[in-house]
Amino acid sequence: MSRTFSILKPDATRRNITGAVNAVIEAAGLRIVAQKRVHFTKAQAERFYGVHKERPFFGELVEQMTAAPVVVQVLEGENAVAKYREVLGATNPEQAAEGTVRKLFALSIGENTAHGSDSDENAAIEIAQFFSEAEIVG
Ligand code: GDP
């Protein structure tokens, strides 16, 4: 069993489809072992996506991530990081496979409904930014 970190992005909360996304996550065999709704500050969004700060879309990304609340989650399962990336599909919804979260729900490459960690190491770092161990109940 391993863990990954997930964010249901503002386009999901705005459209009231977080339950629909969770249904896809659970159907894939991932378990939501922690979950809460938060409204990212600009500083939180800039920190979370700091790796992209030189990219031309950084300003737009920070704006999109702070436009409405998000749902931060810890997901548990076998090979959770890779499994969840598969469930999410490609970053650009136009390239996402059928049945994936982004194919089903994403509006655009920026408003692409959900985030999933890209490595076990980053999953641990991202989880620790939002959850204490006591809040994760497997
Ligand atoms: P991910 O790991 O699949 O989320 O993709 P990346 O780490 O490459 O990018 C992080 C996030 O930045 C993506 O999920 C998108 O929300 C956003 N993003 C990436 N490329 C673009 C782009 O060209 N335009 C905009 N607006 N956002 C982008």
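Residues numbered from 1 in each chain as written. Predicted model: local features only at pLDDT ≥ 70, side-chain atom pairs only at ≥ 80, totals over all residues. Heavy atoms only, no water.

**Topic: the site of the ligand**
Next, step 1: Neighbouring the ligand are 13 residues; K9, E60, R85, T91 and N112 lie closest to it.
Next, step 2: In this structure, an oxygen atom belonging to the ligand sits 2.9 Å away from a side-chain N or O atom of K9.
Next, step 3: For the ligand, an oxygen atom lies 3.2 Å from a polar atom in the side chain of H52.
Next, step 4: The protein chains hide 81% of the 550 Å² of surface that the ligand would expose on its own.
Next, step 5: Per-element tally for the shell around the ligand: the top contributor is helix α4 (residues 58–65), with 3 residues.
Next, step 6: In the shell around the ligand, the residues fall into 4 nonpolar, 5 polar and 4 charged. (Near = heavy atom within 4 Å. Polar contact = N/O pair within 3.5 Å; in protein donor to acceptor, adjacent residues only side chain to side chain. Areas by Shrake-Rupley, 256 points an atom, 1.4 Å probe, with all protein chains shown as cover. Helix = DSSP H or I, 4+ residues; strand = E, 2+ residues; numbered from the N terminus. Nonpolar A, V, L, I, M, F, W, Y, C, P; charged D, E, K, R; others polar.)

**Some remarks on the sheet that holds strand β4 (residues 114–116)**
Next, step 1: On the basis of which strands lie adjacent, the open sheet formed by 4 strands has the order β2-β3-β1-β4 and antiparallel pairing. At either margin of the open sheet sits one strand with a lone partner, and together these are β2 (31–38) and β4. Shown here is a sheet whose adjacent strand axes are inclined to one another by a mean of 20°, direction ignored.
Next, step 2: Summarising the sheet, strand β1 (residues 2–8) and strand β3 (residues 70–77) pair through 7 bridges and their orientation is antiparallel. Of the residues in β3, the one forming a bridge with L8 is V71.
Next, step 3: The sheet contacts of helix α5 (residues 80–88) involve β1, β3 and β4, and relative to β1 the element is tilted by about 35°. (Pairing = 2+ DSSP bridges. Axes fitted to C-alpha atoms, helices over the stretch in contact; angles between N-to-C directions. Contact = heavy atoms within 4.5 Å.)

**Quick notes on the UniProt feature "active site" (unreviewed entry) in the protein chain**
Next, step 1: Mapped onto this numbering, the UniProt entry annotates "active site" (unreviewed entry) at H115.
Next, step 2: Among the structural elements, H115 can be located in strand β4.
Next, step 3: What makes H115 buried here is its relative accessible area of 10%. (UniProt positions renumbered as here; feature names shortened; annotations may be inferred. Buried < 20%, exposed > 50% of the residue type's maximum accessible area, 1.4 Å probe, protein only.)

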